[in-house]
Amino acid sequence: NRESNLMAIQTINPSTEEIVASYTEASYDESVKTIESSHRALLFWSQRPIPERADLLRNVARILRERKNDLAGLMAIEMGKPLIQGAAEAEKSAWGCEYFADHAEEFLAREMIATEASKSFVTYEPMGVILAVMPWNFPFWQIFRFMPALWMSGNTIILKHAPNVSGCALAMEEITKAAGFPENILNILFAPVETIPGIIAHPCIQGVTFTGSPRTGRVIAVAAAEHLKKCVLELGGSDPY
């Protein structure tokens, strides 16, 4: 019974080998509740005007810069990144937010095209709830390189981060709340890897993005293909970069 064998997720400082935090894995039923809350948030968020989304994203950028030293300390404790690099990663994440806040309305504008029909155009609509399964090596930038674009286009996100950077994941969730985002625009899920195919199969999940090993990537690709879900894979192997 998988539900009765849930494990604690431990964060261990790589420099001291001290256990600094512990989190409980989510059961499948808890994961479903998270998916459903993300979907309810989507129904509201997808209707918000783009300028409103952009203002909130700029708030996120401001908070990332204000807290960059604290976030750098968190990265150092969880995965060993030097403080100067952690602060730079927070700055880069803030830049990503500002870039999409400034340009998304242009990127998402309807494009009229000439065809034999009386009126033809390309339009960009929200996809839905997107599952992100992310690695530890750039615990903020790996997420902020795609999250602002998904938010600006009206999607909501469920983040299943690497277990050793769970504190970074929760920090991102807290930052979005401090910035004024509605609840459940970003949800953190401490799900065991073996439950990911079942999560992808849920009808409210409309896409999945993954960065990590080819082995796990194959599992995610198969699950996404089986249920005709859009899928983006960056399979870097075991190289930390």
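Colleague: So what exactly am I meant to see when it comes to the overall build of the protein here?
Modeller: Helix and strand content of the protein: nine helices and nine strands. Taking 241 residues into account, the globule formula puts the C-alpha radius of gyration at 18 Å, and the protein, at 18 Å, falls close to it. The C-alpha extent of the protein, read off along each of the three principal axes, is 65 × 45 × 35 Å. Considering the protein as a whole, with its 241 residues, one finds that 47% of them fall into the buried category. A separation of at least 24 residues holds for 70% of the contacts in the protein among residues at least 6 apart in sequence. Only carbon and sulfur atoms are counted for the fraction: they give 55% of the accessible area of the protein, which is about 12,100 Å². Charge centroids of the protein, computed over 21 positive and 28 negative side chains, lie 3 Å from each other.

Colleague: Could you clarify how one ought to interpret the packing of helix α3 (residues 68-79) against helix α4 (residues 83-107) in this entry?
Modeller: When two helices pack together, you describe them by how their axes are tilted relative to each other and by the distance separating the axes. At a minimum axis distance of 8 Å, the contact between α3 and α4 shows a crossing angle of 125°. For the element pair α3 / α4, the angle class is oblique. Both α3 and α4 take part in a crossing whose hand is right-handed. Two secondary-structure elements touch here, α3 through K68, N69, L71, A72, G73, M75 and A76 and α4 through L83, G86, A87, E89, A90 and E91.

Colleague: Any chance you could explain the layout of surface pockets here in plain terms?
Modeller: The method is simple in principle: a probe with the dimensions of a water molecule rolls over the atoms, and the space it marks as empty is what remains. Its volume calculated, the second largest pocket comes out at about 200 Å³. Every residue lining the second largest pocket is listed: M127, I130, F146, L150, G207, V208, T209, K230, C231 and V232. At the level of secondary structure, the elements contributing two or more residues to the lining of the second largest pocket comprise β8 (205-212) and β9 (230-235). Tallied by class, residues from the lining of the second largest pocket come to seven nonpolar, two polar and one charged.

Colleague: Which parts of the structure should I look at to understand the state of the cysteines?
Modeller: Two cysteines form a disulfide when their sulfur atoms are joined by a covalent bond. As enumerated under the stated definition, the model contains zero disulfides in all. No disulfide involves C97; its sulfur sits 15 Å from that of C168, the nearest cysteine. With relative accessibility at 0%, the residue C97 sits in the buried group.

Rules and cut-offs
Residues numbered from 1 in each chain as written. Predicted model: local features only at pLDDT ≥ 70, side-chain atom pairs only at ≥ 80, totals over all residues. Heavy atoms only, no water. Helix = DSSP H or I, 4+ residues; strand = E, 2+ residues; numbered from the N terminus. Rg over C-alpha atoms; globule rule 2.2 N^0.38 Å. Buried < 20%, exposed > 50% of the residue type's maximum accessible area, 1.4 Å probe, protein only. Contact = heavy atoms within 4.5 Å. Areas by Shrake-Rupley, 256 points an atom, 1.4 Å probe, with all protein chains shown as cover. Lys, Arg positive; Asp, Glu negative; His and termini not counted. Charge placed at Lys NZ, Arg CZ, Asp CG, Glu CD. Axes fitted to C-alpha atoms, helices over the stretch in contact; angles between N-to-C directions. Parallel < 35°, antiparallel > 145°, perpendicular 65-115°, else oblique. Left-handed = near helix turned anticlockwise from the far one by under 90°. 1 Å grid on protein atoms, 1.4 Å probe; cavity = no way out; pocket = protein on both sides within 12 Å on 5 of 7 lines; lining within 4 Å. Points joined across faces, edges and corners; volume = space filled by probe spheres on them. Nonpolar A, V, L, I, M, F, W, Y, C, P; charged D, E, K, R; others polar. Disulfide = S-S within 2.5 Å.

Any functional reading would require information beyond the geometric quantities listed.
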